[in-house]
Structure formats: structure tokens, C-alpha cells
Amino acid sequence: MTDTLSMLSTLGIYVAMGFYTAAFAVFSIDLARRGAESTARVPSVVARRGIAAHQGTTVVIGEDRAETSPEPVTEPSGAARAVIRWAFVLTVAGFFFHLLGTALRGIAAARVPWANMWEFSMTGTLVIIGVFLLSNLKWDLKYLGTFIVGLVLVLQGIALLRYYVPVVPLQPALQSYWLVIHIIVAVLGTAFFALGFALSGLQLLQYRRERQVEESVPQQFRFLATLPNSADLENLAYRINIVGFVAWTFTLIAGAVWASAAWGRYWGWDTKEVWTFIIWVIFAGYIHARATRGWRGSRSACLAIIGFAAVLFNFGIVNVFFKGLHTYSGL
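All of these numbers come straight from a predicted model, not from anything done at the bench.

Some words on the environment of Phe221
Point 1. Residue position: Phe221 is located in the loop between α6 (178–215) and α7 (230–263).
Point 2. Classification of Phe221 by relative accessible area gives partly exposed; the value is 44%.
Point 3. Sequence separation of Phe221 and Leu205 is 16 residues, and the distance between their C-alpha atoms is 8.0 Å.
Point 4. Once residues within four sequence positions are removed from consideration, Phe221 is found in contact with Leu205 and Arg209.

Below, the structure written as C-alpha cells:
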């Protein structure tokens, strides 16, 4: 029964990745459509200016700015709404099979499914998609679909190729209710940092495009003209990273309490502990610098991206190549 459930779990992950691949393609089509719509608006503005100059009439500056503004298109066409709706439906379908595969793995192991790198990858990518879907209930973040789904495809693909292990009993060091608390808040923090990372990356691209608009130079990534401006992207990234930081702070506290119960000390400078603290320091510096030192624009975005890079390094490099008390979380 255990082997059957484990096989069905892996099959569920493969099906989820199929849906995610389709969703990634449709989200990419949506970005391409946005770029085409943005490009199509430019000739009409130029032509209208030419006609106005030829006829000796006055160009309405307010109307002109409305069509060339970097602000998002608030009323997409019916075809555009259909494309993004299909992308979202495919993502939800992938999430369902992803959740099913993760649950079956937990049932097969008779425990929570995050005791090794394979299971943590499975659960972590599931939560990233879940946070992305739930965040759209408050904000319209569908334009992040290409980046979030693409990131999950890469991470889960690496896990399938590199980290898969059969179901094994839980090691004594992990047989604690702190496993549930410590890992789930770490996964939640990672998911919010992933959203903040995507927003910060777009912020940098949007800031560059806005400078190109001011300098009247040819623009790259024209789809950005349909997205929020760089300041709005930065503010949203900041709010989301704060949520991730709160979760990561509790990860540190829960880990210290668990370490005291398991090893008799709260802190031992283990490699995993050190890198978890480094990540906390980076995001603490990001929040403090932006709030009190006026670090805005590209500097804050770069710091947020560095923080998420440290999260990925902590998971993909420290867990695998560094020896320490957390080695059991590897393969």
C-alpha cells in the first residue's frame, strides 16, 4: 500500500507539472499580448500628433498622456481576459493535483510530508503556488503568473531529477511536533519571499522602462507598459516581504526552541542555522533601510532579490553540500 500511494503521489506531481507547463505557456502568451497592445498604441499617438500639426489644431495633452502613460491598462479586451482566465484555471488545476500528490505522500509516510529534500520541495512549491493564488483575492497579481509558475517548474523539476527518495521512516531527531511548526512557517516565509522577488524583479525592469520613456529612447519589454508603475510594484513587494519576514522570524525562534529540546542548546553555529540567520539579517536590513534610511527604487529591489537568492542558496546548496546537524534534511 505504501509503495502504491507513493507511486500515485509522484504521478500527481507529474500531472501537476503538466498543468503548470500549460499555464506557464498561456501566461507567457498574455505577456506577449500585452506587449503587442502597448506597441500598437504608439503609432496611433504619433499619427494623431501629425494630423493635428498639419491641420493647425491643438493636441489635447491630457488625452495624449493617457495613451502613452506607463500606468496599467484598466479595461483589457474580452480576448485578453479569456487568456488570463485560462492561465489561472490551469494553475488552479495544477495546484489541485500538486496538493493531491503531496497529501498522498503524507498518507504513505504516515506523517507530515516534509522530512527530506524531496518532500520539502514538493510542499514548498505547493505553498508558493497557493500563496500566489490566494494573494490574487486581495491584489491583482496575475501578471506574476509567468514568473511564479516558471520558478515552481524549475524548482520542482530539479527536485524530481535530483532529490527524489522512497518513503522512509522519520528519523528520531525529527520526531517532534516542532517539525510541523518550524517547517510550515519556513515554507510560508519562502513563499512570500518568492512573490516579493518576482515583484522586485519587475520593479527593476519597470524602472528602466520609465527612464527610457522620459529619455524618449526605444523601449524594451513593452508589456511592462500595461503593469503597475515601479513605485507601486515596490510598495507591494515591501508589504509582501514584511509578511515573509515575520514568518522567517518565527522560523528562527521555533528552530531555536526545537534545537534546545533536541540538542540541549538554542544556538550552535551550525551551517544551516547560520544561513537562516543571514537571510533574516538581509531582510531585516531591507525593511529597516527602506523604512528609515530612505532606500527606495532599485537599491531596495536589489536587496530583496539578494535576500531571496540567499533563501535558494540555503535550500539548494547548504542542505546538500554542507555538513552539519541538519544533514538529515538532505537526501
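Further notes follow.
Side note on the packing of aromatic side chains
Given two aromatic rings, one states the distance between the centres and the angle between the planes to describe the pair.
Point 1. Evaluated as defined, the whole model comprises 16 aromatic pairs.
Point 2. When the centroid spacing of 5.6 Å and the interplanar angle of 10° are considered together, the rings of Phe19 and Phe97 count as stacked. Placement of the pair is Phe19 in helix α1 (residues 2–55) and Phe97 in helix α3 (residues 78–109), with a sequence separation of 78 residues.
Point 3. Its relative accessible area of 27% is what places Phe19 among the partly exposed residues.
Point 4. When its relative accessible area of 26% is taken as the criterion, Phe97 is described as partly exposed.
Point 5. Through a chain of ring-to-ring contacts, three or more aromatic side chains come together here, namely Phe193, Tyr238, Trp248, Phe283 and Tyr286.
Point 6. Across the ring face of Tyr207, the terminal group of Arg211 is positioned such that the distance to the ring centre comes to 4.6 Å.
Point 7. In this structure, Arg290 is placed above the aromatic ring of Tyr238, and the distance from its NZ or CZ to the ring centre is 4.2 Å.

Things to note about the packing of α6 against α7
Point 1. For the pair α6 and α7, the least separation of the axes is 7 Å and the interaxial angle reads 160°. The pairing of α6 with α7 is recorded here as roughly antiparallel in orientation. Of the two possible hands of crossing, α6 and α7 adopt the one that is left-handed.
Point 2. Looking at the contact of α6 with α7 residue by residue, the classes come out as 24 nonpolar, twelve polar and two charged.

Some points on the nonpolar core
Point 1. In terms of nonpolar packing, the biggest core is built from 72 residues, with Phe132, Tyr143, Leu144 and Leu199 touching the most fellow members.
Point 2. No other element matches α6, which puts 13 residues into this core.
Point 3. Every residue in contact with Leu199, bar those within four places of it in the chain, is listed here: Leu141, Tyr143, Leu144, Leu233, Leu236, Ala237 and Ile240.

With respect to a nonpolar patch on the surface
Point 1. Together, Tyr266, Trp267, Trp269, Phe277 and Val281 give the surface a local cluster of nonpolar side chains, amounting to about 570 Å² of exposed area.
Point 2. Tracing the backbone shows Phe277 in helix α8 (residues 271–292).
Point 3. Since its relative accessible area comes to 36%, Phe277 is described here as partly exposed.

So, unusual backbone geometry
Point 1. One non-glycine residue, Ala110, lies in positive phi territory at about 60°.
Point 2. Tracing the sequence through the fold places Ala110 in the loop between α3 and α4 (117–135).
Point 3. For Ala110, a relative accessible area of 68% translates into the label exposed.

Criteria and thresholds
- Residues numbered from 1 in each chain as written.
- Predicted model: local features only at pLDDT ≥ 70, side-chain atom pairs only at ≥ 80, totals over all residues.
- Heavy atoms only, no water.
- Helix = DSSP H or I, 4+ residues; strand = E, 2+ residues; numbered from the N terminus.
- Buried < 20%, exposed > 50% of the residue type's maximum accessible area, 1.4 Å probe, protein only.
- Contact = heavy atoms within 4.5 Å.
- Phe/Tyr/Trp six-rings, centres within 6.5 Å; stacked < 30°, edge-to-face > 60°.
- Lys NZ or Arg CZ within 6 Å of the ring centre and 35° of its normal.
- Axes fitted to C-alpha atoms, helices over the stretch in contact; angles between N-to-C directions.
- Parallel < 35°, antiparallel > 145°, perpendicular 65-115°, else oblique.
- Left-handed = near helix turned anticlockwise from the far one by under 90°.
- Nonpolar A, V, L, I, M, F, W, Y, C, P; charged D, E, K, R; others polar.
- Core = buried A, V, L, I, M, F, W, Y, C linked by side-chain atoms within 4.5 Å.
- Patch = residues over 30% accessible without salt bridge, like charges linked within 9 Å, V, L, I, M, F, W, Y side chains within 5 Å.
- Areas by Shrake-Rupley, 256 points an atom, 1.4 Å probe, with all protein chains shown as cover.
- Salt bridge = Lys/Arg side-chain N within 4 Å of Asp/Glu carboxyl O.

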